[in-house]
Amino acid sequence: DARFDTIAALVTAKMAEYHVPGVALGLLKNGQTTVRGFGVTNVDDPQPVTPETLFTIASISKTVTATAIMKLVEQGRVDLKAPVQKYLPDFRVQDEVVSREVAIWHLLTHTPGWEGQLSAEDVGVEALARFATTTLRDLPQIAPPGAVWSYNNAGFSLAGRVIEVVTGKAIHDALRDLVFAPIGMTRSFTRITDAMTYRMTLGHQARGGRTQVIRPFQTTSGTTAGGVMTTITDLLRYSQFHLSDGAGADGRPFLTRALLTEMQTPRLRKNSTDDEMGIGWHLRHVGGVQTAAHGGTLNGHCLLVQLVPARNLAFAILTNHTDGWPL
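We now turn to the structure provided with this report. Since this is a predicted model, take the numbers as computed values, not measurements.

### Let's talk about the overall build of the protein chain
Each helix and strand counted, the protein chain has 11 helices and 12 strands in total. For the protein chain, the C-alpha radius of gyration of 19 Å lies close to 20 Å, the compact-globule estimate for 327 residues. Every one of the 327 residues in the protein chain was classed for burial, and the buried ones make up 53%. In the protein chain, once contacts between residues fewer than 6 apart in sequence are set aside, the share between residues at least 24 apart is 65%. Accessible surface for the protein chain amounts to roughly 13700 Å². Of this, 52% is attributable to carbon and sulfur atoms. Distance between charge centroids for the protein chain: 3 Å, based on 30 positive and 29 negative side chains.

Below, the structure written as structure tokens:
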């Protein structure tokens, strides 16, 4: 409609101002979706960005991980309050007390209290297992679990290993079976070998006054911390699921509304802000209305998805440039 066209015109203008090659924009209101692609996938081999073009969505992937865990909660296979060691007996960090007491919900709220800027590298099927049993052992503790919010990639990588152990599947297959397939996200992947068979964007940066493709292509920052690749169409379908009554693509119940609401319910306040943290979602009141959002940045992509449940509204914008944040 005219309002979307106004936003689209602003996107086009800002793409030129910030030299962003490609953007996908999506708006969901009362179940009606409007999506549009702008610009090109990459400046060296330009293909038009369409609603079916794949973008690396970086840390928005964390909400997918949280959704998968909540499905396992519904199935009675995971308890958010249970210690991680219930599922991963060999898991250890530097602090033995924390090793015993850190719980699943701490992983999904950025509150395990250990150094967080560490992710499992996607090298082979044992990547998450090595991360959980070896990489984390010397990780220093900064605060008690649950006491302080501090962005924590390591916690979400560890949550990925919990998913693998509980399901008995490699994380790629588990996320497909627990989230993508039931919701109908037919063009969402965590394996680059799957994604590269479709049109996908490359990340860009400004260098020497020119917009350049970033090479080499960085596939992930750990599958469950930042490894999902999807389209604006699938991301809006995912948003609709989180705003809905929890029905899957076939219309049958997939995840209860109570569990979806729990994900959007504050667990704690972020330090020195008025923002709060839910299960996977970052919560903020704007004009008195609660929003649930997640952004991401990885390998020259800057992205955002935001839910406004009270208004049955969601929107997302995906960009393929390190300066995409102003959009």
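Further notes follow.
### Structural notes on unusual backbone geometry
Each neighbour pair has its own omega, and for Arg215 with Pro216 the value is 0°, a cis peptide bond. In this fold, Pro216 is placed in the loop between strand S5 (210-213) and helix H9 (223-226). With a phi angle near 60°, Ser272 is a residue other than glycine that sits in the positive phi range. In this fold, Ser272 is placed in the loop between strand S7 (268-269) and strand S8 (276-277). Judged by its relative accessible area of 83%, Ser272 is exposed.

### Brief notes about the nonpolar core
In terms of nonpolar packing, the biggest core is built from 73 residues, with Val84, Phe91, Ile104, Trp114, Leu158, Ile163 and Val179 touching the most fellow members. Residue contacts for Val179: discarding those within four places in its chain leaves Val64, Thr67, Ala68, Ala174, Met185 and Tyr238. Ala8, Val11, Val23 and Ile317 belong to the second-largest nonpolar core, a separate cluster that totals 9 residues.

### Describing the pattern of salt bridges
Following the criterion strictly, the structure yields 17 salt bridges and no others. Its salt-bridge partner being Lys71, residue Glu74 comes within 2.7 Å of it at the nearest N-O pair. Taken together, the residues span about one helical turn, with Glu74 and Lys71 both in helix H2 (residues 61-74) at a distance of 3 residues. A residue is classified by how much of its surface remains accessible, and Glu74, at 29% relative accessible area, is partly exposed. On the basis of relative accessible area, Lys71 is assigned to the buried category, the value being 12%. Two residues, Glu96 and Arg92, come together in a salt bridge whose shortest N-O distance is 4.0 Å. For Glu96, a relative accessible area of 43% puts it in the partly exposed group. Arg92 gets classed as partly exposed once you look at its relative accessible area, which sits at 24%. Put simply, Lys169, Asp173, Arg176, Asp177 and Arg191 are held in one network by salt bridges that share partners.

### A short note on the environment of Gln264
Along the chain, Gln264 turns up in the loop between helix H11 (257-263) and S7. Overall, the relative accessible area of 8% leaves Gln264 in the buried class. Each C-alpha atom, one on Gln264 and one on Leu307, is 9.6 Å from the other, the two residues being 43 residues apart in sequence. What Gln264 contacts, discounting residues up to four positions off in sequence, is His242, Arg257, Trp281, Leu283, Gln290, Ala292, Leu307 and Pro309. Only 3.2 Å separates the side chain of Gln264 from the backbone oxygen of His242, close enough to count as a polar contact.

### Quick notes on the side chain of Thr201
Within the fold, Thr201 resides in the loop between helix H8 (192-195) and strand S4 (204-207). A polar contact of 2.8 Å, which involves the side chain of Thr201, links it to the side chain of His301.

### Some words on the packing of H2 against helix H10 (residues 232-243)
The contact between H2 and H10 brings their axes to 13 Å, and the two run at 45°. Here H2 lies oblique to H10, going by the angle between them. Along this stretch, H2 crosses H10, giving a crossing that reads as left-handed. Between H2 and H10, the residues in contact are Thr63, Val64 and Thr67 and Tyr238, Phe241 and His242, respectively. Here the contact of H2 with H10 is composed, by residue class, of 3 nonpolar, 3 polar and no charged.

### Comments concerning the pairing of S4
As paired elements, S4 and S5 share 4 bridges and run antiparallel to each other. Among the inter-strand pairings, Arg207 is bridged to a residue of S5, identified as Arg210. Taking the residues between adjacent antiparallel strands as the criterion, S4 and S5 are bridged by 2 residues, where Gly208 takes a positive phi near 60°.

### Observations regarding helix H6 (residues 153-167)
The end-to-end C-alpha distance of H6, which contains 15 residues, comes to 22 Å, matching closely the 21 Å that a straight helix rising 1.5 Å per residue would cover. When you tally the buried positions in H6, you get 13 out of 15 residues, the bulk of the element. Among the residues of H6, the N-terminal cap falls to Asn152, whose side-chain oxygen and the backbone nitrogen of Ala154 are separated by 3.4 Å. Once H6 ends, the next one or two residues include Gly168, with phi positive near 75°.

Rules of the game
Residues numbered from 1 in each chain as written. Predicted model: local features only at pLDDT ≥ 70, side-chain atom pairs only at ≥ 80, totals over all residues. Heavy atoms only, no water. Helix = DSSP H or I, 4+ residues; strand = E, 2+ residues; numbered from the N terminus. Rg over C-alpha atoms; globule rule 2.2 N^0.38 Å. Buried < 20%, exposed > 50% of the residue type's maximum accessible area, 1.4 Å probe, protein only. Contact = heavy atoms within 4.5 Å. Areas by Shrake-Rupley, 256 points an atom, 1.4 Å probe, with all protein chains shown as cover. Lys, Arg positive; Asp, Glu negative; His and termini not counted. Charge placed at Lys NZ, Arg CZ, Asp CG, Glu CD. Core = buried A, V, L, I, M, F, W, Y, C linked by side-chain atoms within 4.5 Å. Salt bridge = Lys/Arg side-chain N within 4 Å of Asp/Glu carboxyl O. Polar contact = N/O pair within 3.5 Å; in protein donor to acceptor, adjacent residues only side chain to side chain. Axes fitted to C-alpha atoms, helices over the stretch in contact; angles between N-to-C directions. Parallel < 35°, antiparallel > 145°, perpendicular 65-115°, else oblique. Left-handed = near helix turned anticlockwise from the far one by under 90°. Nonpolar A, V, L, I, M, F, W, Y, C, P; charged D, E, K, R; others polar. Pairing = 2+ DSSP bridges. Expected span 1.5 Å × (residues − 1).

Honestly, it's all geometry; don't read function into it.
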